[in-house]
Amino acid sequence: MSQKPILISGAGLASLLLARSLLRSRIPFHIFERDASLSFRGQGYRLRLSTEGLDAIEKVLGPEEFQRFWERCGKTGGSGFVGLDAITGQVFEQHKMNESLNSREGLIVGIARGEMRRFFMEGCEEFVQFNRYVKGYELTEDGVRAIFADGTKSIEGALLVGGEGIYSSVAKQVSGGLLKVYDLGARGIHGQSPTAAFKTLGEGVFRVVDDVNPRGRVSIITNVRPDDMDDPNVEFGWTMVGVPGAIKAPNDDYSIVGKTAADIAKELTKDWNPRFKPLFDQMNESEAAFWKITCSTPTGVPEWPNEARVTVIGDAAHSMTPAGGIGANTAVRDSALLGQLLHDAGGYAPSVTAAYEKGMRVYASEAVKSSYGMATKAFSAQIDDSTKTV
Ligand SMILES: Cc1cc2nc3c(=O)[nH]c(=O)nc-3n(C[C@H](O)[C@H](O)[C@H](O)COP(=O)(O)OP(=O)(O)OC[C@H]3O[C@@H](n4cnc5c(N)ncnc54)[C@H](O)[C@@H]3O)c2cc1C
């Protein structure tokens, strides 16, 4: 184990799953995370896992660990979204999209992002350093070092993997600015409410759409799972999305959490059908959080001159809108692919990042394009010359 470690920036889903892969392959690594802990900020929202996503996770974890992971996932019956009109409470025919949501065993499989992160973290704890904000890197004669916001540098690694999400400085540096993330202007609010508030919906995945809101179209997506329905300790999440201009945080500060975000969600839904009211009346106000809808270049992951010692995974390489629910599913494919290539090479080798980027560009470009296409319809989001980058 005398080889230099793999350095990983950010302890998000993609990074932690890559770490699991490296752990199994006995390749040394260090992760640098800006937050003080895994539970530092709201982690509540739920991820739906596709067949591709589950396959990638299984490949990395191996059969036994995957079985444990599978048991942690929630499973919901039904085949897709049920579209409901927010005002009448009735099924909204136009929104019966042909979007299949189920994956393994014909079920809709989901898990909270925070829980997935904690699971992937197991066994990696000693290799994760918190309060380490990566702001770039420097190449050395025979390796690479991460540079932190306080001006200090990491130990020398064989490879730096930027997995620090949409604001990744590693992505900007390695791609010479070619990797861009656009702010689509649409905003969301994530909320959580006790399971009792969802009783009027029944089991399934619901999209509740308000097309007559004076601020513009506002909708929520939520997943009601039967197994947890009667557990008073469980809260289900819902995710609200508004077209550009519909949801506005005070002073445009989308890092605000809690009552301010909860009050805006309540105000936006005040005319909604009584069937949906409990979701907002009973919401856990402290968990309410804003989020911005962003997207990488919609034509796909750009080509940049490969740097053998630096690459990017997950949202850092391909940020997607929530339409289609494929961001995390694509991120875990990166971890599986890069992990496999590093395993096959017995650790860092000069050809690994080029091979990884070649493979990643194919499926990730397709995913970004598809998610953007869906978002243009669902959230009136559009990228043009005037669209700002984040
Ligand atoms: C409301 C919502 C719902 C979603 N639903 C789905 C879904 O159903 N299915 C799906 O597939 N995807 C979904 N997504 C997308 C999914 O969450 C992301 O694609 C996924 O989390 C990306 O993983 P990642 O590891 O690349 O980045 P992240 O999980 O964002 O992790 C990045 C990590 O890097 C850290 N970091 C950031 N900057 C720095 C820095 N400078 N230095 C060090 N560390 C840093 C962060 O603190 C974080 O821990 C959803 C997203 C949202 C917002």
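Above: the structure in question.
Computed from a predicted model, the values in this text were never measured in an experiment.

Peer 1: An account of the pairing of strand 1 (residues 6-9) is requested, with residue identities and associated values reported.
Peer 2: Because side chains alternate across strand 1, one face comprises the buried residues Ile6 and Ile8, and the other comprises Leu7 and Ser9, equally buried. As paired strands, strand 1 and strand 10 (residues 159-162) are joined by four bridges and run parallel to one another. Within strand 10, the position partnered with Ile8 by the bridge is Val161. Where strand 1 lies against strand 2 (residues 29-32), four bridges are found, and the strand directions are parallel. The residue bridging Ile8 from the neighbouring strand is Ile31, located in strand 2. Read from strand 1 through helix 1 (residues 13-25) to strand 2, the crossover connection turns out right-handed.

Peer 1: Lay out helix 8 (residues 352-378) in plain terms, naming residues and giving numbers.
Peer 2: Here helix 8 contains 27 residues, and its C-alpha end-to-end distance of 38 Å stays within 8% of the 39 Å for a straight helix at 1.5 Å per residue. Arg361 marks where helix 8 bends most, by close to 35°. One or two positions beyond helix 8, positive phi appears at Ser380, with a value near 50°.

Peer 1: Could you give an account of the packing of helix 1 against helix 2 (residues 51-72), naming the residues involved and the relevant values?
Peer 2: Relative to each other, helix 1 and helix 2 sit at 35°, their axes nearing to 9 Å. Crossing of helix 1 over helix 2 shows left-handed handedness. For the pair helix 1 and helix 2, the contacting residues are Leu17, Arg20, Ser21 and Arg24 in the first and Ile57, Val60, Leu61 and Gly62 in the second. Here the contact of helix 1 with helix 2 is built from residues that sort into four nonpolar, two polar and two charged.

Rules of the game
- Residues numbered from 1 in each chain as written.
- Predicted model: local features only at pLDDT ≥ 70, side-chain atom pairs only at ≥ 80, totals over all residues.
- Buried ≥ 20, exposed ≤ 12 C-beta atoms within 10 Å, placed from the backbone.
- Helix = DSSP H or I, 4+ residues; strand = E, 2+ residues; numbered from the N terminus.
- Pairing = 2+ DSSP bridges.
- Right-handed = clockwise from strand over helix to strand, strands pointing away.
- Expected span 1.5 Å × (residues − 1).
- Bend = angle between axes of the 7 residues up to and from the residue.
- Axes fitted to C-alpha atoms, helices over the stretch in contact; angles between N-to-C directions.
- Left-handed = near helix turned anticlockwise from the far one by under 90°.
- Contact = placed C-beta atoms within 7 Å.
- Nonpolar A, V, L, I, M, F, W, Y, C, P; charged D, E, K, R; others polar.

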